[in-house]
Amino acid sequence: GEREFAESIVREATLEGRRLDILVNNAGMPMHTQIYDLAAEQAERVMAVNFLSCVWTTLAALPAMVRAGGGTIVNITSIAGHKIHPFAGSAYSISKTALSGLTREMANEFSSLGVRVNAVAPGEIETEMVGPEYEMLIPRIPLERMGTPEDVAGTVFYLCSGDSVYVTGTEIWVTGGQ
């Protein structure tokens, strides 16, 4: 399952005594289904990918980070976890809301271990998850464009850098002002 897979990834990353300083939980599976049409299997799969995989990966990585003297975890959430989104769907939105809450709780619990935990909440980002229907959302974006993967990566980089050593439990919106 997901937990065993997460543990194997961390084992591979820390082979030969390699340090583990940074973990970016960037799991995301869209589910555009309304809640009244949602099958149990769909809901369980979305929660497993978008939320529980982040739990398992974090728990697997935490001992290695503590051995290294601390670390940084960044969870990729979504604006859909905070606002109604016309295309996100209920299961996706709820899974990302759960990940936002988990970020705050982990930041509190892991601070004494020297591990900072933050999140990045992208808005409309030009990826394979975005279709032509998203063009109608651009007028809602004050910066008048969809974001790029580089916009998100720059924010993740900041949260992993020495420039943010006093930042934990925070979720940064990368939304062009939405």
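Provided above is the structure to which this section pertains.
Here goes a summary of the coordinates provided. Just so it is clear, the structure is predicted and the values come from calculations on it, not from any experiment.

## Digging into the overall build of the protein
On a plain count of helices and strands, the protein comes out with four helices and four strands. Along the protein, helices and strands appear, N-terminal first, in the series α-β-α-β-α-β-α-β. By residue count, 46% of the 178 residues in the protein fall in the buried class. Within the protein, counting contacts between residues at least 6 apart in sequence, those at least 24 apart form 75% of the total. Only carbon and sulfur atoms are counted for the fraction: they give 58% of the accessible area of the protein, which is about 9500 Å².

## Looking at the nonpolar core
By size, the foremost hydrophobic cluster in this structure holds 19 residues, and its most contacted members are Leu-20, Met-65, Ile-73, Leu-102, Phe-110, Val-115 and Val-117. Looking at this core element by element, the count peaks at eight residues for helix α2 (residues 40–67). Look past the residues within four positions of Phe-110 in its chain and what remains in contact with it is Thr-58, Leu-62, Ile-73, Val-115 and Val-117. Of all hydrophobic cores here, the second largest spans nine residues; its members include Val-74, Ile-76, Val-152 and Leu-159.

## Focus: the packing of helix α1 (residues 2–13) against α2
Running from N to C, α1 and α2 cross one another at 40°; their axes reach a closest spacing of 8 Å. Overall, the two elements α1 and α2 adopt an arrangement that is oblique. For the pair α1 and α2, the crossing hand works out as right-handed. Residues Glu-2, Arg-3, Ala-6, Glu-7 and Val-10 of α1 form the contact with α2, whose participating residues are Arg-45, Ala-48, Trp-56, Thr-57, Leu-59, Ala-60 and Ala-61. Considering only residue class, the contact of α1 with α2 consists of seven nonpolar, one polar and four charged.

## Looking at the pairing of strand β2 (residues 71–76)
In terms of burial, β2 is a largely internal element, six of the six residues being buried. Burial along β2 is two-sided: the face carrying Gly-71, Ile-73 and Asn-75 and the face carrying Thr-72, Val-74 and Ile-76 are both buried. Taken together, the six bridges between β2 and strand β3 (residues 115–122) define a ladder with parallel strand orientation. Paired with Ile-73 across the strands is Val-117, a residue of β3.

## Things to note about unusual backbone geometry
Non-glycine residue Glu-16 carries a positive phi angle of around 55°. Tracing the backbone through its elements, the reader meets Glu-16 in the loop between α1 and β1 (22–25).

## Here's the deal with the sheet that holds β3
The four strands lie next to each other as β1-β2-β3-β4, forming an open sheet whose pairing is parallel. Edge positions in the sheet fall to β1 and β4 (171–174), since each of these pairs with one other strand and no more. Averaged over all neighbouring strand pairs, the angle between strand axes comes to 20°, with direction disregarded. In this structure, β3 lies alongside β4, joined through four bridges in parallel fashion.

About the criteria used
- Residues numbered from 1 in each chain as written.
- Predicted model: local features only at pLDDT ≥ 70, side-chain atom pairs only at ≥ 80, totals over all residues.
- Heavy atoms only, no water.
- Helix = DSSP H or I, 4+ residues; strand = E, 2+ residues; numbered from the N terminus.
- Buried < 20%, exposed > 50% of the residue type's maximum accessible area, 1.4 Å probe, protein only.
- Contact = heavy atoms within 4.5 Å.
- Areas by Shrake-Rupley, 256 points an atom, 1.4 Å probe, with all protein chains shown as cover.
- Core = buried A, V, L, I, M, F, W, Y, C linked by side-chain atoms within 4.5 Å.
- Axes fitted to C-alpha atoms, helices over the stretch in contact; angles between N-to-C directions.
- Parallel < 35°, antiparallel > 145°, perpendicular 65-115°, else oblique.
- Left-handed = near helix turned anticlockwise from the far one by under 90°.
- Nonpolar A, V, L, I, M, F, W, Y, C, P; charged D, E, K, R; others polar.
- Pairing = 2+ DSSP bridges.

Shape is all these values report; function is a separate question.
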